Amino acid sequence: MSNFVSKEKLQKWAPLLVLIALIFVFSFANSNFLSIRNFARIGIASTPALMIAVGVTYIIIMGSIDLSMEGAVAVSAVLFATLFIAFGGSLASWAWLAVPVTLILGSLFGLINGLVHVKLKIPSFMASLSMGFVGIGLSLLVTGGDRIRVEDPLFRSLLTERYFGFPLMVHCALVALVIGWFIQCYTRIGRNFYAVGGGEDLAHASGLNVQKVRVLGFMIAGVFYALGALFAVAQIGIAETATGYNLMFVSITSVVVGGTALWGGNGGVWNSLIGVLIVNVINNGMIVVGLPRYLQDGVLGLLVIVAVVLSTDRKSLAFVK
Amino acid sequence: MIPMFELKKVEKTFPGVRALKGVDFEIKRGEIVGLVGENGAGKSTLMKVIYGAYQHDGGEVLVDDKPVRFENPRQAMEMGVGMVFQEQSLISNLTVMENIFLGFEQQFVRFGLMDWKHMAEAARFQLAKVKLDIDPATTTSELSFAQRQLVELAKVLTLEERVDGDLVILLDEPTSVLAKEEVELLFKLVRELTERASFIFVSHRMDEVIELSDRIYVMKDGEVVDSLKADDADVDDIQHKMVGRNVDKEYYREEKQKPFNKDQVLVELDGISRASSYKDISLKLHAGEVLCLVGTEGSGREAIIRTIFGLNRPHLGQVSIKGEQVHTFKANEMVDRGVGYIPRERKIEGIVSGMNVYENMTLSQMGRHSRFGVLNLAGEKKLARKWIDRLSIKASSEQADCGNLSGGNQQKVVLAKWRSGGSNIILLDHPTRGLDIGAKEDVYEMVREMSDEGVGVILIADTLEEAIGLSHSILVLKDGEITKRFDCEPGNKPSLYDLVHYMV
Amino acid sequence: MTMDKLKKHFPWITLIALIGLVGIMDPNFLSLTNLIRLAADISTLFIMALGMTFVIYIGGIDLSSQSVANMTTVLATLMLPILGVGAALFCILIGFGFGFVSGFVSTKLKVPSFISTLAVGGIALSLGQYASGQRALYMNAEMRDQAFGWLVGNTAGIPHELIIALVLLALAYFVERRMTIGRALKSIGAGELAAVASGLQVDRFKMFAFALSGAFAAIAGLMFAVKLSGGSPVIANGFLLPAIVAVLVGGTPLTGGVGGVLNTFIGAMIVAVVRTSMLYLEIKATDQQIFFGIVLIVAIALTIDRSKMKTVK
């Protein structure tokens, strides 16, 4: 028998095939699905999640995990809104400063996250989960539980202004994705993520400062979380603690479904794009064909289990906790 | 001529073990030095001290007569000392060039971005040194083992450009995965490279060591027992030195070795095979017999033992325990049939550190000490006290944490776990590894006692001497197949060289 | 050595010191009725933490407890008119089942427990929303009192929920210390490979630990539903963090093997006292989350057994 389709190749392209198959299925189920308007809707819904997913992709490539994104997004969103309003409330004024400041704050949050993980030697899932809680708490402290409205039309044009049928934020997210891809492929740190994920001990023995790579990874992820927070605020014009709600689950599911293995060392940001699209096409498709929206958590739960199982070479694992 | 790299009376001690006992070692410019010794003789510790993974805690390391101390492998690299690991140490998801320059990528960064073209060029230059013509952008996992070995060498040879002085390159079992022609190629390459570098060559294959090296160091028990010119060396001679003193019959309690019961078969393997572990293995273990599996690391010994304990299943063939054929390969099933397993990693697989003596002893037989799932603590403690007494285990009480016992006493607890539960098929995987001499003798004594009581023992010994001294029968394995069977009646035991002949 | 010995006693020393400290600020705090009320208030959370202890004890984590409890409040409310007091059994079985699935996915399919429980939690959340129609549901007061009145009463000044929590603690303690399951779980937490090499059916025991955690989460949800006389798929949000904190602060480290349910009791009491003291210090409930997040980091850092981890990922 000829091995025209090798197992590796299939594994590599499976997520894309799944995405295409899903689009086919939903298009047949409801003709409204296949329209620019609906695709724009999917694009808008995917944008914040894509940014979070790109950030956490680096962490997962390293074989670690980050569960802090809900907190990170909440903090970034409310701090951004607060600063934005304090600086004048319009992009045309000094309020544009809030954007870079927020990105820096995001990286600081990631820095603390990484330091807690690396310096206190706490497994990343727990270090980041705790930091996520701290982030939620911080955002509550800032807002006192209230919502902050960001109504600057210039800022909201991220949503309202459309080119080629898609809002500006979708285009911005794609630019950020390409930057993410550049980091992954063309920077030293990006390549070091793969080295750490492929064999931490070996990387260390080759003289790589693994701790530094890990902390930097969390910082870069923090910047992308902050970016995700900006898009999330632009999407609904409101910043609140709940801005980050459910983003942890969606983003990790996306990364894993996209084909980046939890054990690290492979995958990348394009995989995460596919993953985010799969997740959002399913969400959107379920609504379009008339299934209740709240089923998505359950579907995502099943999806993530299936994806992890399929991507795991289980013979090579001693035992899993 | 002063040696360019020298160790003087180097010591290394780990908790409970003196791994290096005053090792003297020197390499001259352009020299190829062989390093041989049995497993556990201290070779790998010595290598780790040389390339900076461990720090010596006595004696001196001298480079060009100046004392140095490497805190990590990177510092050693900066002094020109590099290690060629076995082929598994390349990161398989990275490209060849990324592996070659791992940790030293900064030289290829332009304006924050990686200049892949430049790196590929540099990598090609390195690959040319080892005469390997492959695309540097190939993912490492796509290479053959031989190619990976050469990439490892190319990676270390980057030191040529980075370091001004001379190089010392360690080769750790570089030939273990190579075919004959590839070995010759590698040797030719190494000889050519002596213009720039000295080599330390570690291998189990004696003939190769003699062929390639100028001088050979022989290690045993953490000491260098001899250093000889390769021209004067022969295989038997070196092996003799590696093994050391002649077999001491009393040490292994040979006078207590009694004939086993040939009528009572405890374990029978009938032509079992398991992909990439072992092939067509048949054996019988009788009551009162000590059967030893001998072979190099990876010869399939461990896999066979794990099959008998139910931790993996054979793909072909039949396993019978006490005359009953086994269908489900599960550890609890085998334990019920009377099989007990004493694993090699005593501290990890043998005892549960953090649990006390009686909890450890009954771990495999909790069903026997409980009713409706409720444990009978008083009964467990009584049992533990009995066995503490019987095996003279040195523990403050049955409540003592097993993690705090000495190695020998931990091993006794593991043994008591199986013996107290009535297991009469005992699998011993390196039972004396890391024990001091007194504790080893205790273990030998216990093996004899078990035989007297009709227990069948399958042994993987720590040394060949131990295998010969203890067993009634020896099966020699090579590449997963049985190559020879020896009977070992006292007074008529095979020699070490008989065994080695069939091992390699 | 001394530091290690001290570490073991750290949790209850902390608890007593905290009680003393708050007692100085407000002597009324130390009154028996107040302390009993304090314990009763934390009992629901404690029960959830109790179950989670088993999973952390074997070196895993259960992030699904909160979702399972949420779902149970809905199911209990819906099942009350149909099954009466039997609704309790129904809920516990469902919780047990969800926990078992987490355990199955994590042990047999080799998905790390933080992911498997997160995923199963997502499924529980969906089911809760589906069953409730995304609304808050209310129990019929009469039916509730008839079937579950005994859950919320008082006897001799001691709230029944506290009694139930203590009974469950005693039960869990018995399982942990005197039953083969408890011993097996301890050996898995302290040295899984040795447990395997002793012929233990490690996977079964692990699945059981997850199932127990699910069952306890369901009991917590049930009590919560009865207390509030209704259910909703988000009603128990905010339980996860303090429950994990209770387990870890109590002295069961993330690496498992030591500690146990009694430690979790102390941990839960610490959480209760800290919460109360925050009221005295006029720190708002919303701000406590930062504090507990930091406490969590400190507790993990202090208790975790780093010799068990080859590399920290």
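Residues numbered from 1 in each chain as written. Chains lettered and ligands numbered in written order. Predicted model: local features only at pLDDT ≥ 70, side-chain atom pairs only at ≥ 80, totals over all residues. Heavy atoms only, no water.

*Asks:* Is there a simple way to explain the overall build of chain A in this structure?
*Replies:* Looking only at helices and strands, chain A features 13 helices and four strands. The C-alpha atoms of chain A give a radius of gyration of 20 Å, which matches the 20 Å a tight globule of 321 residues would have. The principal-axis extent of the C-alpha atoms belonging to chain A is close to 65 × 55 × 35 Å. The proportion of buried residues among the 321 residues of chain A is 58%. Here chain A displays about 12,900 Å² of accessible surface, and carbon together with sulfur accounts for 69% of that area. Here chain A holds 19 positive side-chain charges and 12 negative ones, and the gap between their average locations is 8 Å. (Helix = DSSP H or I, 4+ residues; strand = E, 2+ residues; numbered from the N terminus. Rg over C-alpha atoms; globule rule 2.2 N^0.38 Å. Buried < 20%, exposed > 50% of the residue type's maximum accessible area, 1.4 Å probe, protein only. Areas by Shrake-Rupley, 256 points an atom, 1.4 Å probe, with all protein chains shown as cover. Lys, Arg positive; Asp, Glu negative; His and termini not counted. Charge placed at Lys NZ, Arg CZ, Asp CG, Glu CD.)

*Asks:* Just to check I follow, could you spell out the interface of chain B and chain A for this structure?
*Replies:* Interface size, as often reported, equals the accessible area lost upon joining of the parts. With 21 residues of chain B at the contact, the number on the chain A side is 19 residues. Buried area between chain B and chain A, summed over both chains or domains, comes out near 1,600 Å², and the portion from carbon and sulfur atoms is 59%. Taken together, the connections running from chain B to chain A amount to two salt bridges. The salt bridge partner of A:Arg191 is B:Glu98, with a shortest N-O separation of 2.4 Å. Scanning the region where chain B abuts chain A turns up nine residue pairs in polar contact (both at pLDDT 80 or more). Only helix 2 (73-78) and strand 8 (113-114) of chain B provide two or more residues apiece to the side of chain B that touches chain A. The dominant element in the side of chain B that touches chain A, judged by the number of residues it contributes, is helix 2 of chain B, at three residues. (Contact = heavy atoms within 4.5 Å. Buried area = accessible area lost by both parts, 1.4 Å probe. Salt bridge = Lys/Arg side-chain N within 4 Å of Asp/Glu carboxyl O. Polar contact = N/O pair within 3.5 Å; in protein donor to acceptor, adjacent residues only side chain to side chain.)

*Asks:* What am I meant to see in a negative patch on the surface here?
*Replies:* Residues and elements named next belong to chain B. Together, Glu268, Asp270, Asp280, Asp479 and Glu481 give the surface a local cluster of negative charge. Relative to the elements of secondary structure, Glu268 occurs in strand 13 (residues 261-274). In this structure Glu268 comes out as partly exposed when scored by relative accessible area, which is 30%. (Patch = residues over 30% accessible without salt bridge, like charges linked within 9 Å, V, L, I, M, F, W, Y side chains within 5 Å.)

*Asks:* Explain the sheet that holds strand 14 (residues 278-287) of chain B here, please?
*Replies:* Two modes of strand pairing occur in sheets, parallel and antiparallel, and in both the strands are linked by backbone hydrogen bonds. Residues and elements named next belong to chain B. The antiparallel open sheet is built from four strands, whose spatial order is 14-13-16-17. Two strands lie at the open edges of the sheet, namely strand 14 and strand 17 (324-325), each paired on one side alone. Sheet topology places strand 16 (residues 316-321) next to strand 17; two bridges connect them, and they run antiparallel. Bridge pairing in strand 17 links Ser320 to Gln325. (Pairing = 2+ DSSP bridges.)

*Asks:* Would you mind showing me how to read the nonpolar core here?
*Replies:* The tendency in soluble globular proteins is for nonpolar side chains to be buried as a group. By size, the foremost hydrophobic cluster in this structure holds 289 residues, and its most contacted members are A:Met126 and C:Ile244. The element contributing the most residues to this core is helix 2 (residues 32-57) of chain C, with 15 residues. Inspection of this core shows a minimum of three residues originating in each of domain 1 (5-243) and domain 2 (254-356 + 423-503) of chain B. Sequence-distant contacts of A:Met126, defined by excluding residues within four places in its chain, comprise C:Ile61, C:Ile244, C:Leu248, C:Leu254, C:Leu296 and C:Ile300. Core analysis: the second largest hydrophobic core is formed by 56 residues, B:Ala146, B:Ala154, B:Leu186 and B:Leu212 among them. (Core = buried A, V, L, I, M, F, W, Y, C linked by side-chain atoms within 4.5 Å. Domains from an automatic or database assignment.)

*Asks:* I would appreciate a short explanation of the interface of chain C and chain A in the present structure.
*Replies:* At the interface, 50 residues of chain C touch 49 residues of chain A. Overall, the association of chain C and chain A removes approximately 4,400 Å² of surface from exposure, summing both partners, and the carbon and sulfur fraction of that is 74%. On the chain C side of the contact with chain A, C:Lys110, C:Ile297 and C:Lys313 bury the most area, a combined 16% of that side's loss. Linking chain C with chain A are zero salt bridges. Joining chain C to chain A, the criterion identifies two residue pairs in polar contact (both at pLDDT 80 or more). The element best represented in the side of chain C that touches chain A is helix 5 (residues 113-132) of chain C, accounting for 11 residues.

*Asks:* Even after reading the chapter, I still don't get the sheet that holds strand 15 (residues 290-294) of chain B, so can you show me in this structure?
*Replies:* Residues and elements named next belong to chain B. The six strands lie next to each other as 18-21-22-15-23-24, forming an open sheet whose pairing is mixed. Among the strands making up the open sheet, the edge pair consists of strand 18 (339-342) and strand 24 (481-487). The sheet shows a mean angle of 20° between the axes of neighbouring strands, direction not considered. Relative to the sheet, helix 10 (residues 301-308) contacts strand 15, strand 18, strand 21 (425-429), strand 22 (456-460) and strand 23 (473-478), its axis offset from that of strand 22 by approximately 150°. Seen against the sheet, helix 15 (residues 407-420) touches strand 18 and strand 21 and runs at an angle of roughly 170° to strand 18. (Axes fitted to C-alpha atoms, helices over the stretch in contact; angles between N-to-C directions.)

*Asks:* In this structure, what is going on with a positive patch on the surface? I would like to understand it.
*Replies:* Among the surface-exposed residues, A:Lys119, A:Lys121, C:Lys7 and C:Arg306 lie close enough to one another that they form a single positively charged patch. Inspection of the secondary structure assignment puts C:Arg306 in the segment after helix 12 (288-303).

*Asks:* Help me understand the packing of aromatic side chains, please; the structure alone is not making it clear to me.
*Replies:* We describe a pair of aromatic rings using the distance from one ring centre to the other and the angle between the two ring planes. Taken as a whole and assessed by the stated rule, the structure comprises 28 aromatic pairs over all chains. Centre to centre, the rings of B:Phe486 and B:Tyr502 are 5.9 Å apart; their planes meet at 70°, and the pair counts as edge-to-face. Here B:Phe486, found in strand 24, pairs with B:Tyr502, found in helix 18 (residues 496-503); they are 16 residues apart in sequence, far enough to count as distant. Owing to a relative accessible area of 28%, B:Tyr502 belongs among the partly exposed residues under this scheme. Aromatic ring contacts, followed pair by pair, group A:Trp181, A:Phe182, A:Tyr186 and A:Trp270 into a single cluster. Positioned over the ring face of B:Phe104 is B:Arg162, at 3.6 Å from the centre of the ring. (Phe/Tyr/Trp six-rings, centres within 6.5 Å; stacked < 30°, edge-to-face > 60°. Lys NZ or Arg CZ within 6 Å of the ring centre and 35° of its normal.)

*Asks:* How do you make sense of the side chain of B:Asn360 when you look at a structure like this?
*Replies:* All names here are of chain B. Along the polypeptide, Asn360 turns up in helix 13 (residues 357-361). Polar side-chain contacts of Asn360 include one of 3.2 Å to the backbone oxygen of Met355. For Asn360, the contacting residues outside a window of four places in its chain are Ile351, Val352, Met355, Cys402, Val413 and Lys417.

*Asks:* What is the right way to look at the pattern of salt bridges in this model?
*Replies:* Residues and elements named next belong to chain B. Inspection of the entire model under this criterion finds 45 salt bridges over all chains. Here Asp221 and Lys220 are joined by a salt bridge, their closest N and O atoms 3.4 Å apart. Note on Asp221: relative accessible area 44%, which makes it partly exposed. Of the residues examined, Lys220 reaches a relative accessible area of 15% and is grouped as buried. A salt bridge links Asp226 to Lys241; the nearest nitrogen and oxygen atoms lie 2.9 Å apart. Within this pair, whereas Asp226 is found in strand 12 (residues 223-229), its partner Lys241 is found in helix 9 (residues 235-243), the two being separated by 15 residues in sequence. You can call Lys241 partly exposed: its relative accessible area is 27%.

*Asks:* What is the right way to look at the pairing of strand 23 of chain B in this model?
*Replies:* Residues in a regular strand project their side chains so that they alternate between the two faces of the sheet. All names here are of chain B. With five of its six residues buried, strand 23 lies for the most part within the structure. As paired elements, strand 15 and strand 23 share four bridges and run parallel to each other. By the bridge assignment for strand 23, Cys292 is matched with Ile474. For strand 23 and strand 24, the ladder comprises six bridges, and the chain directions are antiparallel. Within strand 24, the position partnered with Leu477 by the bridge is Ile482. The turn joining strand 23 and strand 24, which pair antiparallel and follow one another in sequence, is formed by two residues; a positive phi near 50° is taken by Asp479.

*Asks:* Is there a simple way to explain helix 12 (residues 269-288) of chain A in this structure?
*Replies:* The periodicity of an α-helix, 3.6 residues per turn, causes residues three or four places apart in sequence to face the same way. Residue and element names in this part refer to chain A. With 20 residues, helix 12 should cover 28 Å at 1.5 Å per step; its first-to-last C-alpha distance of 28 Å lies within 8% of that length. Along helix 12, 15 of the 20 residues are buried, which leaves the element largely enclosed by surrounding structure. Looking one or two places after helix 12, you find Gly290, whose phi comes out positive at around 90°. (Expected span 1.5 Å × (residues − 1).)

Nothing here speaks to function; it is geometry throughout.
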